[in-house]
Amino acid sequence: MSATIKLAEYLFTRLKQLGVESVHGVPGDFNLTLLDHVQPSGLHWVGNANELNAGYAADGYARTKGVGALITTFGVGELSAINAIAGAYAERAAVVHIVGTPERFKQDSRLLVHHTFNDGEYGRFSRMHAEITIAQASLRDPRTSPGQIDEVLRQCILHSRPVYIEVPVDLVGVPVSAEGLSHALRNPDGVPSPASAAALAEVLERIYRAKQPALLVDGETRPLGIGESVQAIVSSTGWPTWLNTFGKGLVDETGPNVHGVYRGKWDDPAVQKFIGESDLVLCFGPHFSSTNSFGFTSVPNPQSTILFTDTEVRVGEQVFRDVPAKSILAELTKALDLSKVKRYEPYPDLPRDQLSTFSSVSADQPIAHDSVWRILANFLKPGDIVMGETGTAGYGAREMPLPPHTSFFSPVTWLSIGYMLGAAQGAALAQQELIAASKYHGVEDARTILFIGDGSFQMTVQELGTIIRLNLNVIVFLINNDGYTIERCIHGLKQEYNDVTSWRYLQAPSFFGAREDTYTAQVRTYGDLEKVLSDPSLNTRKGLKMIEVFMDREDAPKGPLSDFLQAQKA
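Residues numbered from 1 in each chain as written. Predicted model: local features only at pLDDT ≥ 70, side-chain atom pairs only at ≥ 80, totals over all residues. Heavy atoms only, no water.

A. Main features of unusual backbone geometry. A cis amide bond, omega 0 degrees, links E345 with the succeeding residue P346. Secondary-structure assignment places P346 in the loop between α12 (325-335) and α13 (369-376). One non-glycine residue, H405, lies in the positive phi region at around 60 degrees. Within the fold, H405 resides in the loop between α14 (392-397) and β17 (407-409). Accessibility expressed as a relative area gives 45% for H405, which makes it partly exposed. (Helix = DSSP H or I, 4+ residues; strand = E, 2+ residues; numbered from the N terminus. Buried < 20%, exposed > 50% of the residue type's maximum accessible area, 1.4 Å probe, protein only.)

Here you go:
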């Protein structure tokens, strides 16, 4: 390797080393020379319809592949993406946001250039991003820039949260030392400490004395990198296991002891009773937001719960600090003596999410939330990415039992409607890259399946064009329920502000450049749906496919939304 390398090439080489193959974003006059180096560095430039969509796509890519990246221009571009970056921070997606900024002399001279507030102040936008990224770097000196890049990227992968890097136009092609590239970036190893040993001993002691233990898997299991250890514990103990919504898809749901999403006070009374009476709940990667925990009702009793988080283990009221979940769970899986662990014999009679069939409904019956999701689950295949947009689709998709190696996206905390369409583009691209590299569980025929409402679809519809241009294997189920049904459930059941314009949705693929033979269909009854799902063209044809599913505007999945809806009608 040469002793020096251009700064842009250094940055992009580092991204490649982290597994990034594609970079999302939008060109702008302060990032154009930066973009000149993307493809020569061996990266694929995606190019999105706008910066917000690019941010959503980079987020979906990151959650699927580990790290994602986008490039925007200074000011107007980065602020267009800032909502997506905030969502990535809230829900722990490792996104590298690279911003092309004006030349250093312009900033130092406080010149009144475009994309600023015309007052010579250049630092506002980076200060805004400091609140929603885990680390930031303003590259100003070629001698220190490689080190700054490396440190920011380390923080990104360590915390699985977005970072922010400013690259001035006049630094893009400047030579920098290439020495660092000979060493791969890696997370620092945890140093064994008395706290680690004490935590492990306490956890083992609580496990061995438990009489009615249970497991709860939540979504920070993914960014913490503890999925394999958690799956080992689920399988080896055989303990009844539930998922918070964010954790769905992170363990094999076909396991005999995995019971699906725990819905708190909306769950079966037998489930509520069992978890409520459990003397030990091991909770992995907790993320107890209101949406993710069914209004906090799925949060287990703190006194009987052990929480495994990124930096500590909490056993009841006792906190063991500086004990990362990844290190202690690796030790736990090795030290656990299964002969001392509670065995459920016979196994308790507890309900679990079940598939349903078209035989449970009549062919001429209108499609409704009370049945459709468990029927649609039959359509899923191992390796699929399933996405339920914020709204009724996101709540309904939680009911779908998933095949092995299936990823799941649903409303968690940020809930920016329209996110899922952009994220579907990024996730499908990452899925395609993993399949091509034979790094996708041995699966070669996986799809990204998006369930999205008409209101959300209208927010980010332009990204359909990117999906088409990249020929990504995406199936869109457009839930046409005539507006913002989730908002109608909360407030304003009959109010005009919850209406949206009625589009001819199935003309969207054609408008955004799809081939004339692109698969589209419209379904209103279960008979229509059965015919579509069994259509060979839907199941064999690659690329975009779109099905418009009509549902009643005042219908919602059982649970919080249906309760809110009934209260509106009362």
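B. The arrangement of the packing of aromatic side chains in detail. Scanning the entire structure with this criterion turns up 17 aromatic pairs. With centroids separated by 5.9 Å and ring planes inclined at 25 degrees, the aromatic side chains of F74 and Y122 adopt a geometry described as stacked. Of the two residues, F74 sits in the loop between β4 (68-73) and α4 (76-90) while Y122 sits in the loop between α5 (104-108) and α6 (124-130), which places them 48 residues apart along the sequence. Here the two residues F74 and Y122 agree in accessibility, since each one is buried. Centroid distance Y344 to Y347: 6.3 Å. Interplanar angle 70 degrees. Geometry classified as edge-to-face. Judged by relative accessible area, which is 30%, Y347 ranks as partly exposed. By way of ring pairs, the aromatic residues F30, F74, F117, Y122 and F125 are connected into one cluster. Geometry around Y89 places R161 over its ring, the cationic atom sitting 4.5 Å from the centre. When the ring centre of F379 is taken as origin, the NZ or CZ atom of R447, which lies over that ring, is 4.4 Å away. (Phe/Tyr/Trp six-rings, centres within 6.5 Å; stacked < 30°, edge-to-face > 60°. Lys NZ or Arg CZ within 6 Å of the ring centre and 35° of its normal.)

C. Representation of the packing of helix α3 (residues 51-65) against helix α15 (residues 419-436) in the model. Here α3 crosses α15 at 40 degrees, and the two axes come no closer than 6 Å. By the angle between their axes, α3 is oblique relative to α15. Crossing geometry of α3 relative to α15 is assigned as right-handed. For the pair formed by α3 and α15, the contact residues are N53, Y56, A57, D59, G60, Y61, R63, T64 and K65 on the first element and Y419, G422, A423, Q425, G426, A427, L429, A430, Q431, E433 and L434 on the second. Tallied by class, the residues present in the contact of α3 with α15 amount to 9 nonpolar, 7 polar and 4 charged. (Axes fitted to C-alpha atoms, helices over the stretch in contact; angles between N-to-C directions. Parallel < 35°, antiparallel > 145°, perpendicular 65-115°, else oblique. Left-handed = near helix turned anticlockwise from the far one by under 90°. Contact = heavy atoms within 4.5 Å. Nonpolar A, V, L, I, M, F, W, Y, C, P; charged D, E, K, R; others polar.)

D. Highlighting the sheet that holds strand β20 (residues 519-523). Spatial strand order, β17-β16-β18-β19-β21-β20: 6 strands in an open sheet with parallel pairing. Among the strands making up the open sheet, the edge pair consists of β17 and β20. Looking at each pair of strands side by side, their axes are set apart by 15 degrees on average, direction ignored. Relative to strand β21 (residues 545-550), β20 runs parallel, the two being bridged by 5 bridges. Among the inter-strand pairings, V523 is bridged to a residue of β21, identified as V549. This element, α15, spans β16 (385-388), β17, β18 (448-453) and β19 (474-480) of the sheet and lies at about 180 degrees to β18. Sitting on the sheet, helix α20 (residues 526-533) touches β19, β20 and β21, and the angle it makes with β20 is about 160 degrees. (Pairing = 2+ DSSP bridges.)

E. Main features of helix α7 (residues 145-159). In this model, α7 (15 residues) spans 21 Å end to end at C-alpha, consistent with the 21 Å of a helix rising 1.5 Å per residue. Considered for burial, the residues of α7 that qualify are S145, P146, I149, D150, V152, L153, C156 and I157. The elements touched by buried residues of α7 are α1 (7-17), β5 (95-101), β6 (135-138), β7 (163-168) and β8 (175-177). Phi for S160, located one or two positions after α7, is positive at around 50 degrees. (Expected span 1.5 Å × (residues − 1).)

F. The nonpolar core, seen in detail. Ranked by internal contacts, the top residues of the largest apolar core, which has 44 residues, are F284 and F308. Discounting residues that sit within four places of it in the chain, F284 has contacts with L215, L216, V217, D218, T221, I226, V230, I233, F308 and L329. Judged by nonpolar contacts, the second largest core, of 39 residues, contains L7, V23, I165 and V172. (Core = buried A, V, L, I, M, F, W, Y, C linked by side-chain atoms within 4.5 Å.)

G. Looking closely at the sheet that holds strand β9 (residues 213-217). Read from one edge of the open sheet, 7 strands run β11-β10-β9-β12-β13-β14-β15, paired in mixed fashion. On the outer flanks of this sheet lie β11 (258-261) and β15 (318-321), each paired with one strand and no other. Here the strands of the sheet are splayed against their neighbours by 15 degrees on average, with no regard to which way each runs. As paired elements, β9 and strand β10 (residues 241-243) share 3 bridges and run parallel to each other.

H. The environment of E228, seen in detail. Along the polypeptide, E228 turns up in helix α10 (residues 227-237). The sequence separation of E228 and A330 amounts to 102 residues, and the corresponding C-alpha distance is 9.2 Å.

No statement about biological role is implied by the geometric values presented.
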